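# Coordinate analysis (summary)
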Amino acid sequence: MPSSTPRDPLTRKLAGFGTTVFAEMSALAVRTGAINLGQGFPDTDGPAEVLDAAVHAIRSGQNQYPPGPGIPVLREAIAEHQRRFYGIELDPESEVLVTAGATEALAGALLGMLDTGDEVVVFEPMYDSYQAGIALAGAVARPVLLRPGPDGYTFDVDELHAAVSPRTKLILLNTPHNPTGKVFTADEMQVIAHLAIEHDLIVVTDEVYEHLVFTGSTHVPMATLPGMAQRTLTISSGGKTFNTTGWKIGWATGAEPLVAATRTAKQFLTFVNGAPFQPAMAVGLGLPDEFFAGVASGLEATRDALQAGLEAAGLIAFRAEGTYFTTVDVRPVRPDGDGVAFCRELPERCGVVAVPNQVFYANPEHGRHLVRFACCKRPEVIAEAVERLSRLAVA
Ligand code: PMP
Ligand code: GLN
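In this report, the structure presented in the accompanying data block is examined.

### Description of the site of ligand 1
Taken together, G101, A102, T103, Y127, N174, N178, D206, V208, Y209, S237, K240 and K248 make up all the residues around ligand 1. Separating an oxygen atom of ligand 1 from a backbone N or O atom of A102 is a distance of 2.8 Å. Between ligand 1 and N178 there is a distance of 2.7 Å, counted from an oxygen atom to a side-chain nitrogen or oxygen. Protein burial of ligand 1: of its 400 Å² of free accessible surface, 93% is covered by the chains. Among the elements that make up the shell around ligand 1, the one with the highest residue count is helix α4 (residues 101–113) (three residues). Of the residues assigned to the shell around ligand 1, the class counts are four nonpolar, five polar and three charged.

Next up, the structure:
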């Protein structure tokens, strides 16, 4: 007898992934009218030159499919950016690929490089699309824990070494790091580079927050370390640097075989995207050094205000060295350490939305008591959020 209930359409690869935490928490913010410090997106526009360039591109007819690897002007601007800031030399023809945000660059890299059963060493917590991308590729994540402490988030070098097996093909890295706000130090980058060289591993490094680094920390691109240029695919995106997260213009750069593998998968994901935004992004990447130097400073002030507010509310806040995000341990105000329940109740308790970090962990227990707040909002919005969060301390 045929069953009247249709079969479950979801692939086993995506079982358990559900709806992303960002969609859930942004919907909660809209529903409750709370201040959304969950999903990381700025509430101000980026540079006028960049916005004007996109309008001009639309008006001047750049509205059809751009070339598969991205328009030449943008590929050249990306190569020039890597040269100007890091001394990295790239051939814009073969070593630069424009993608639909960093998300597609990540998916393209993972789908283009991993076979079923291959292993990926990756730090946890990790940006949510990593686990899904690894799963879609049929590969297996081998997480290495970043532990919060007085020196920020650190990892155990022995644990990192132990995560490598004969099946390991690549290390997936993210610095500056979402959700911890960690900027990997030069020494830590060196340890990872040595491991990659020793075991002949590829490093895919997500550096979307490369310009959002605060006083006291320095961004060290993996591709600049000795011996790493040939085995590193670097991913970035204009969303964070130019306050254009909705444009979804990202890129992948590196040695030709790595870019080619990524491009092979990418061409069957979106093929191309964002024709009028590509020339605008090229304008952004060409802005003077002062623009880039100033990108982090406004954010550093809101990071400080948010940090102080979280501490005043009784939470243990781990100081962010970069990115949009500050993480907290909720146990002083919620002794059972249930970060998900804390986030679900927060809009009602004080009109603020945050995201529970457990979704960023391969082993959710490791992040059960941790919650992430975003500081990428106008100072008055952060001030209002801090004022509201102070209700937690008196509750
Ligand atoms: N990587 C990290 C670490 C991120 O935080 C994000 C989110 N913005 C992305 C990738 C995705 O970037 P994009 O919006 O350019 O796809
Ligand atoms: N990168 C942003 C964050 O971590 C938003 C990501 C998203 O909405 N997928 O909050």
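Right, picking up where we left off after that structure.
### Brief notes about helix α3 (residues 72–86)
The first and last C-alpha atoms of α3 sit 21 Å apart over 15 residues, in line with the 21 Å expected at 1.5 Å per residue. The complete set of buried residues in α3 reads L74, R75, A77, I78, A79, H81, Q82 and Y86. Of the surrounding elements, those touching the buried residues of α3 are β2 (96–100), β9 (232–237), β10 (249–254), α10 (277–285) and α11 (289–312). Backbone geometry just after α3 places G87 at a positive phi near 70°.

### Digging into the pairing of strand β15 (residues 370–374)
Summarising burial for β15: five of the five residues are buried, a large majority. Residue alternation in β15 divides its side chains into two sets, L370, R372 and A374 and V371 and F373, and both sets are buried. Across five bridges, strand β12 (residues 325–329) lies against β15 in antiparallel orientation. Its bridge partner lying in β15, T326 is registered against F373. Across two bridges, the pairing between strand β14 (residues 355–356) and β15 is antiparallel. Across the sheet, residue P356 finds its bridge partner in β15, namely V371.

### Description of the site of ligand 2
Around ligand 2 sit F22, Q39, G40, Y127, N178, Y209, K240, F325 and R372, and those are all the residues in its vicinity. The contact in question runs from an oxygen atom of ligand 2 to an N or O atom on the backbone of G40, over 2.7 Å. When isolated, ligand 2 has an accessible area of 300 Å², and the protein chains bury 80% of it. Counted by class, the shell around ligand 2 contains four nonpolar, three polar and two charged residues.

Rules of the game
- Residues numbered from 1 in each chain as written.
- Chains lettered and ligands numbered in written order.
- Predicted model: local features only at pLDDT ≥ 70, side-chain atom pairs only at ≥ 80, totals over all residues.
- Heavy atoms only, no water.
- Near = heavy atom within 4 Å.
- Polar contact = N/O pair within 3.5 Å; in protein donor to acceptor, adjacent residues only side chain to side chain.
- Areas by Shrake-Rupley, 256 points an atom, 1.4 Å probe, with all protein chains shown as cover.
- Helix = DSSP H or I, 4+ residues; strand = E, 2+ residues; numbered from the N terminus.
- Nonpolar A, V, L, I, M, F, W, Y, C, P; charged D, E, K, R; others polar.
- Expected span 1.5 Å × (residues − 1).
- Buried < 20%, exposed > 50% of the residue type's maximum accessible area, 1.4 Å probe, protein only.
- Contact = heavy atoms within 4.5 Å.
- Pairing = 2+ DSSP bridges.

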